[in-house]
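Understanding the architecture of this molecule
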Amino acid sequence: MKRYETVIGLEVHVELSTDSKIFCDCSTRFGEKPNANTCPICMGMPGALPILNKKVVDYAISTGLALNCTIVKNCMFDRKNYFYPDLPKAYQISQLYFPIARQGRVTFNTRDGNKSIGIHELHIEEDAGKLLHDSDKKVTLVDYNRSGVPLIEIVSEPDMRSADEVVAYLDKLSSMLSYMGVSDCKMQEGSMRVDINISVRELGDTRLGSRTEIKNMNSFKAIRRAIEGESKRQIDILIDGGQILDETRRWDDDKNKSIRMRSKEEAQDYRYFPEQDIAPIEIPNEWIHKLHRLLPEFRDEKIIRFQKDYGISEYDARVLTSSKEIADLFEDTSKLYNLPREVSNLLMVEGMRILKDNYLDPEDLRLTPESLSKLIGMIDRGEINRTKAKAVFEEMCLKGVDPEDYMKRYGLEIINDDKKLRLVALKVLEDNPQSVSDYKKGKTKAFGNLVGQTMKAMNGKADPSLVNTILKELI
Amino acid sequence: MKITKERFNNIADMVKLSLIKEEETKLNKDLNQLLDFIETMNEIDTDDVVPMDYVHSLRNVYREDIATDLSTKEEEHANAPDFMDGYYVVPRILE
Ligand SMILES: [Zn+2]
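Predicted, not measured: the structure shown is a model, and the values here were computed from it. (Residues numbered from 1 in each chain as written. Chains lettered and ligands numbered in written order. Predicted model: local features only at pLDDT ≥ 70, side-chain atom pairs only at ≥ 80, totals over all residues. Heavy atoms only, no water.)

1. A closer look at the interface of chain B and chain A
- In this complex, chain B contributes 37 residues to the contact, which on the side of chain A involves 53 residues.
- Both faces considered, chain B and chain A share a buried interface measuring about 3,800 Å² in area, 59% of it formed by carbon and sulfur atoms.
- It is Tyr-62, Arg-63 and Asp-65 of chain B in chain B that bury the most area against chain A; as a group they hold 20% of the surface buried on that side.
- Connecting chain B to chain A are two salt bridges.
- Taking the shortest distance from any N to any O, the salt bridge between Asp-269 of chain A and Arg-7 of chain B comes out at 3.2 Å.
- Linking chain B with chain A are 17 residue pairs in polar contact (both at pLDDT 80 or more). (Contact = heavy atoms within 4.5 Å. Buried area = accessible area lost by both parts, 1.4 Å probe. Salt bridge = Lys/Arg side-chain N within 4 Å of Asp/Glu carboxyl O. Polar contact = N/O pair within 3.5 Å; in protein donor to acceptor, adjacent residues only side chain to side chain.)

2. Observations regarding helix α1 (residues 54-66) of chain A
Residue and element names in this part refer to chain A.
- Here α1 is 13 residues long and its end C-alpha atoms lie 18 Å apart, about the 18 Å a rise of 1.5 Å per residue gives.
- What α1 keeps buried is the set Val-56, Val-57, Asp-58, Tyr-59, Ala-60, Ile-61, Ser-62, Thr-63, Gly-64, Leu-65 and Ala-66.
- Measuring from the side-chain oxygen of the N-cap residue of α1 to the backbone nitrogen of Lys-55 gives 3.0 Å; that N-cap residue is Asn-53.
- Looking at the residues trailing α1, positive phi occurs at Asn-68, about 55 degrees. (Helix = DSSP H or I, 4+ residues; strand = E, 2+ residues; numbered from the N terminus. Expected span 1.5 Å × (residues − 1). Buried < 20%, exposed > 50% of the residue type's maximum accessible area, 1.4 Å probe, protein only.)

3. Focus: the environment of Thr-110 of chain A
Residues and elements named next belong to chain A.
- Positionally, Thr-110 belongs in strand β7 (residues 101-110).
- Sequence separation of Thr-110 and Glu-165 is 55 residues, and the distance between their C-alpha atoms is 7.5 Å.
- A polar contact of 3.1 Å, which involves the side chain of Thr-110, links it to the backbone nitrogen of Asp-112.

4. With respect to the nonpolar core
Residues and elements named next belong to chain A.
- Of all hydrophobic cores here, the largest spans 97 residues; its most connected members are Tyr-169 and Ile-196.
- When residues of this core are assigned to their parent elements, the largest contribution, ten residues, is made by helix α2 (residues 163-180).
- Split by domain, this core shows at least three residues from each of two domains, domain 1 (4-289) and domain 2 (297-409).
- Ignoring anything within four residues of it in the chain, the contact list for Ile-196 reads Ile-8, Gly-9, Leu-10, Thr-212, Glu-213, Ile-214, Met-217, Ile-223, Ala-226 and Ile-227.
- Judged by nonpolar contacts, the second largest core, of 14 residues, contains Ala-425, Phe-447, Met-455 and Val-467. (Core = buried A, V, L, I, M, F, W, Y, C linked by side-chain atoms within 4.5 Å. Domains from an automatic or database assignment.)

5. Re the domain arrangement of chain A
- If you check the domain split of chain A, you get domain 1 (4-289), domain 2 (297-409) and domain 3 (418-474).
- The gap between the C-alpha centroids of domain 2 of chain A and domain 3 of chain A is 46 Å.

6. A few points about unusual backbone geometry
All names here are of chain A.
- For Asn-35, which is not glycine, the phi dihedral falls at a positive 55 degrees.
- Of note in this structure, Arg-271 is not a glycine but carries a positive phi near 45 degrees.
- Relative to the helices and strands, Arg-271 resides in the loop between β15 (257-263) and β16 (273-274).
- Here Arg-271 falls in the partly exposed class, since its relative accessible area comes to 29%.

7. Brief notes about the sheet that holds strand β5 (residues 78-81) of chain A
Residue and element names in this part refer to chain A.
- The antiparallel open sheet is built from three strands, whose spatial order is β6-β5-β16. Sheet topology places β6 (91-94) and β16 at the edges, where each strand pairs with a single neighbour.
- Two strands pair when backbone bridges link them, and β5 and β16 are joined in this way by two bridges, in the antiparallel orientation. Across the sheet, Arg-79 pairs through a bridge with Phe-273, a residue of β16. (Pairing = 2+ DSSP bridges.)

8. A word on the packing of helix α7 (residues 324-336) of chain A against helix α8 (residues 340-357) of chain A
Residue and element names in this part refer to chain A.
- Here α7 crosses α8 at 150 degrees, and the two axes come no closer than 9 Å. Put simply, α7 runs roughly antiparallel to α8. The element α7 and its partner α8 pack so that their crossing is right-handed. Along the contact surface, α7 presents Ile-326, Leu-329, Phe-330, Thr-333 and Ser-334, while α8 presents Pro-340, Val-343, Ser-344, Leu-347 and Met-352. (Axes fitted to C-alpha atoms, helices over the stretch in contact; angles between N-to-C directions. Parallel < 35°, antiparallel > 145°, perpendicular 65-115°, else oblique. Left-handed = near helix turned anticlockwise from the far one by under 90°.)

9. Re the pattern of salt bridges
- Scanning the entire structure with this criterion turns up 44 salt bridges over all chains.
- A salt bridge links Arg-249 of chain A to Glu-230 of chain A; the nearest nitrogen and oxygen atoms lie 3.8 Å apart. Taken as a pair, Arg-249 of chain A in strand β14 (residues 247-252) and Glu-230 of chain A in helix α3 (residues 220-239) lie far apart in primary sequence, 19 residues in all.
- A residue is classified by how much of its surface remains accessible, and Glu-230 of chain A, at 0% relative accessible area, is buried.
- Two residues, Lys-5 of chain B and Glu-24 of chain B, come together in a salt bridge whose shortest N-O distance is 2.9 Å.

10. A word on the packing of helix α5 (residues 299-310) of chain A against α7 of chain A
All names here are of chain A.
- The interhelical angle for the contact between α5 and α7, taken along N-to-C directions, is 20 degrees, at an axis separation of 12 Å. When the axes of α5 and α7 are compared, the pair comes out roughly parallel. The way α5 lies across α7 gives a crossing that is left-handed. Here α5 contributes Lys-302, Arg-305, Phe-306 and Tyr-310 to the contact with α7, which in turn contributes Ala-327, Asp-328, Phe-330, Glu-331, Ser-334 and Lys-335.
- Residue composition of the contact of α5 with α7, by class: four nonpolar, one polar and five charged. (Nonpolar A, V, L, I, M, F, W, Y, C, P; charged D, E, K, R; others polar.)

See below:
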């Protein structure tokens with residue numbers, strides 16, 4: 001039997017974490033009311049002129065550098081024309097002829113050793129609006145909040161051979177982008193969307209087969225299933241002696257199969273031409289050098305260094321570096337109080353549980369290295385037991401409390417209450433000599449009266465069992 | 001290069017022009033004349049000429065990444081032929 005291999009290249013669209021849109025000062029906030037973040041520019045009103053957001057270029061250059069690309073020092077924008085209601089100008093401002101970065105490479109570890117994927121190019125473009133199809137009223141509703149949100153598209157070479165490699169590549173990309181603060185890469189919110197170019201060929205063949213493109217994938221699970229499903233579909237066609245058609249397909253995850261959208265012949269004719277409303281972008285060397293110096297230490301390097309510097313296991317280093325926020329928290333805390341194993345333990349076990357239970361992202365944690373190092377000190381000096389430490393840690397994560405303040409208040413309250421309760425109880429005994437003597441004679445009902453009087457004097461805010469104990473002691 | 005009738009109709013379709021017969025004939029002829037004119041330029045040897053990517057010598061200017069809230073929304077919404085529950089309404093688009 002013939003053996004086949006799958007050849008995969010990806011186009012990854014990433015929404016950038018800027019505050020404002022790419023060509024206007026509308027907010028990019030997610031989850032606003034429909035059409036709340038719009039203006040004449042992102043609504044494509046005649047005569048409205050785009051002005052490029054500098055941060056978008058910063059982010060694109062940084063990403064290009066992180067992916068070992070060559071930065072195109074004279075890049076330009078182009079118009080991609082198509083008529084669709086999600087695009088108010090009837091063209092998208094994108095980069096075709098001179099994308100901002102080219103010819104890069106990204107390397108990651110797999111079970112079979114290091115894998116290196118070529119980056120064909122990286123370009124900047126604007127996002128389109130969102131369409132909602134109202135089946136009752138037979139109309140389509142349009143929300144332009146996303147229109148003009150900055151995107152970068154990262155186009156890989158067809159260097160991947162399996163769903164595992166694709167997922168590992170996407171993991172690496174999203175880790176790098178979030179470490180740089182370029183994007184939050186939240187697939188479920190659509191800030192990372194993937195087009196998969198996939199073909200199959202006989203093992204050993206070096207030519208590329210006809211490919212299909214599967215558009216707009218937004219979950220790792222669906223991507224995995226789509227690659228496996230589409231690869232099998234193509235291999236089955238070849239085994240039956242058929243031919244793969246060059247076409248765009250859509251993955252239906254419920255039906256677990258891809259569905260044809262349009263053939264290459266029907267492909268859109270975008271009639272690209274240079275965008276005259278935006279002058280050419282000149283990127284001097286100083287700009288590139290400055291951003292190069294600002295590149296963070298990425299996850300793979302951190303994993304190695306954490307094991308070396310803090311003596312923690314590779315597994316622990318992996319968990320701690322899954323987000324830059326947690327990695328920084330671990331490192332900054334350990335610098336303030338040198339007990340990295342304890343810090344790592346709390347963050348990994350309790351921290352991860354708290355994130356999961358409360359559906360939070362690491363950046364939502366209200367923990368600071370200062371407060372966490374205090375708690376670690378308290379644990380180290382035996383001032384707090386582990387169970388209590390976990391409870392205090394949770395309060396710190398969710399409410400941002402200071403562990404010393406919290407313990408002082410919590411601890412003092414108990415002592416105060418106890419003292420106060422004794423004073424009140426003494427007064428009740430003095431005021432009710434009859435009940436005391438009745439109780440001493442064996443009338444249990446009289447004791448109930450004393451408890452009632454004490455509780456009343458405490459405005460009902462005392463623990464009745466504690467009142468019982470104290471009264472019995474005093475009598 | 002001649003633009004065929006089929007290609008002409010395809011272009012008209014893409015730019016959303018609906019034309020009557022006379023317009024079609026006239027525009028098709030004009031378009032072909034234009035292409036002939038460009039064809040003449042192809043005779044010039046440009047091997048040693050650096051391509052001109054952009055007509056003037058301007059370089060780009062930027063804006064800082066600051067979001068402001070322009071309150072022109074109501075005007076924008078009022079411009080639309082059909083606006084409902086915060087959404088612009090367009091004829092139904094099939095996927
Ligand atoms: Zn805008």
